[in-house]
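As a plain string of letters, each chain reads:
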Amino acid sequence: MSRDSSWWLEAEKRLDRILDWAKKARGGAYDVLVPVSGGKDSLYVLYKLCVEKNLKVLAYTYDNGLMSETAFTNLELAVMTLGVSHIMVRHSFQNDLVVHFLKKTGNICGACFIPMVFSAFELARRFQIPLIAFGVSRRFDPMLPRGKNPWHFWNVVNDGFDRERLRGVWASRPVFRWLLDSLTGRVRVICLPDYTEWDEEEIRGKLESSLGVSLGEEHSDCIGFPYADYLAFKRYGVSIRAIKLSTLVRNGKISREEALRRANGLGFRDVPEKLEALAQRLSVTVDDLLTASSIDETKYYMGVMNYLSELYRNHFLGRPLFGF
């Protein structure tokens with residue numbers, strides 16, 4: 001559901017109050033940490049907070065092993081143009097972790113999101129940054145029936161991955177520290193699209209003209225996205241791209257007719273071709289990817305904490321702030 005200009009003005013004021021708090025609460029050189037992947041949404045968070053809000057920003061990228069060349073180029077252009085500090089976090093185990101998740105769950109995204117969040121909180125603590133700003137949109141980004149949480153992550157890791165390789169990467173008991181920081185407000189997290197009108201076509205044009213980046217197709221920053229899209233279609237009967245079209249219609253960004261027109265081009269006959277780059281990166285075959293997509297990962301969602309995490313995700317995170 002779309003909102004009028006007065007509503008957005010109030011939302012922007014809420015954002016400004018949070019940013020003012022961050023400036024006062026910072027203990028070091030930076031007001032806010034921005035996780036940035038080289039894609040449209042995170043680049044716009046970086047741009048808006050640096051240029052329009054004039055904050056001291058530390059940009060941070062978790063190299064998940066699946067970043068595209070376009071993503072690296074975009075990051076280089078954005079950091080250079082905006083003149084921001086940027087930290088790239090890389091770990092030698094990451095590709096093996098992705099392959100482990102592929103073989104155990106069929107879902108490679110589980111190996112990326114939680115490590116990225118753990119590392120974001122570690123950096124926020126190290127540099128005494130009170131605020132982390134994401135470009136995740138709870139109005140536009142598709143939510144699948146099952147998500148990613150720390151307990152699911154550790155359940156998969158404990159099923160055969162060498163935990164010694166992870167020792168020392170994050171502080172001891174990273175889940176507890178993450179929860180403690182969140183609950184006490186020591187490190188606050190916001191999703192910028194909750195506070196500002198998110199016109200994706202306008203954002204695309206602004207970033208391309210101001211930063212010189214090339215944004216391409218949706219999620220072109222990750223070579224694993226075609227597989228994630230295919231996996232959603234196979235498991236739930238609808239692709240991530242199709243869900244995105246539905247959310248755009250509900251938010252008044254495109255018409256139903258336009259969504260249907262775009263949806264006609266979302267077939268999966270060319271799936272093997274789109275998966276070739278991912279297969280090469282992970283040193284597996286396309287057949288391995290297609291076979292893994294049939295794996296049932298239900299057992300990794302067992303347990304009280306998993307249940308509570310999914311309940312929280314579906315009944316709170318699935319509902320954007322301020323009554324959208």
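A short tour of the structure in this document, coming up.

Criteria and cut-off values
Residues numbered from 1 in each chain as written. Predicted model: local features only at pLDDT ≥ 70, side-chain atom pairs only at ≥ 80, totals over all residues. Heavy atoms only, no water. Helix = DSSP H or I, 4+ residues; strand = E, 2+ residues; numbered from the N terminus. Buried < 20%, exposed > 50% of the residue type's maximum accessible area, 1.4 Å probe, protein only. Contact = heavy atoms within 4.5 Å. Lys, Arg positive; Asp, Glu negative; His and termini not counted. Charge placed at Lys NZ, Arg CZ, Asp CG, Glu CD. Polar contact = N/O pair within 3.5 Å; in protein donor to acceptor, adjacent residues only side chain to side chain. Core = buried A, V, L, I, M, F, W, Y, C linked by side-chain atoms within 4.5 Å. Arc of directions from axis to C-beta. Pairing = 2+ DSSP bridges. Axes fitted to C-alpha atoms, helices over the stretch in contact; angles between N-to-C directions.

This brings us to the overall build of the protein chain. In terms of helices and strands, the protein chain carries 14 helices and five strands. With respect to the principal axes defined by its C-alpha atoms, the protein chain has extents near 50 × 50 × 40 Å. Here the protein chain, with 324 residues, has 49% of them falling under the buried criterion. Residue pairs at least 24 apart in sequence account for 82% of intrachain contacts in the protein chain once pairs closer than 6 positions are excluded. Charge separation in the protein chain, taken as the distance between the mean sites of 44 positive and 39 negative side-chain charges, equals 6 Å.

To continue, consider the side chain of N149. Turning to its location among the elements, N149 is positioned in the loop between β4 (131-134) and α6 (150-157). Accessibility expressed as a relative area gives 4% for N149, which makes it buried. Looking at N149, its side chain comes within polar contact range of the main-chain nitrogen of H152, at 2.8 Å. When residues no more than four places from it in sequence are discounted, the contact partners of N149 are I114, Y301, N306, S309 and E310.

Another aspect to go through is the nonpolar core. F153 and Y227 are the most contacted members of the largest nonpolar core, which has 51 residues in total. Among the elements that take part in this core, helix α5 (residues 113-126) stands out by supplying eight residues, more than any other. In this view, Y227 contacts L102, G106, I108, L275, L278, L289, A292 and S293; residues no more than four positions away in its chain are not counted. L19, L55, L82 and A133 belong to the second-largest nonpolar core, a separate cluster that totals 35 residues.

Within the span of helix α7 (residues 174-184), buried status applies to P174, V175, W178 and D181. An end-on view of α7 places all buried positions within 135° of arc, on one side of the element. Those residues of α7 that are buried lie in contact with α5 and α6. Directly beyond the C-terminal end of α7, a positive phi value near 80° is found at G185.

Across the sheet, five strands lie side by side as β3-β2-β1-β4-β5; this open sheet has parallel pairing. Both edges of this open sheet fall to β3 (85-89) and β5 (188-191), since each of them pairs with a single strand only. Ignoring which end each strand starts from, the neighbouring axes of this sheet average 25° apart. Looking at chain direction, strand β1 (residues 32-35) and β4 are connected through two bridges and run parallel. Along β4, the bridge assignment pairs L33 with I132. In the packing of α5 onto the sheet, the strands contacted are β1, β2 (57-62), β3, β4 and β5, and the crossing angle to β2 comes to about 150°.

Take it as geometry only, folks, not as evidence of what the structure does.
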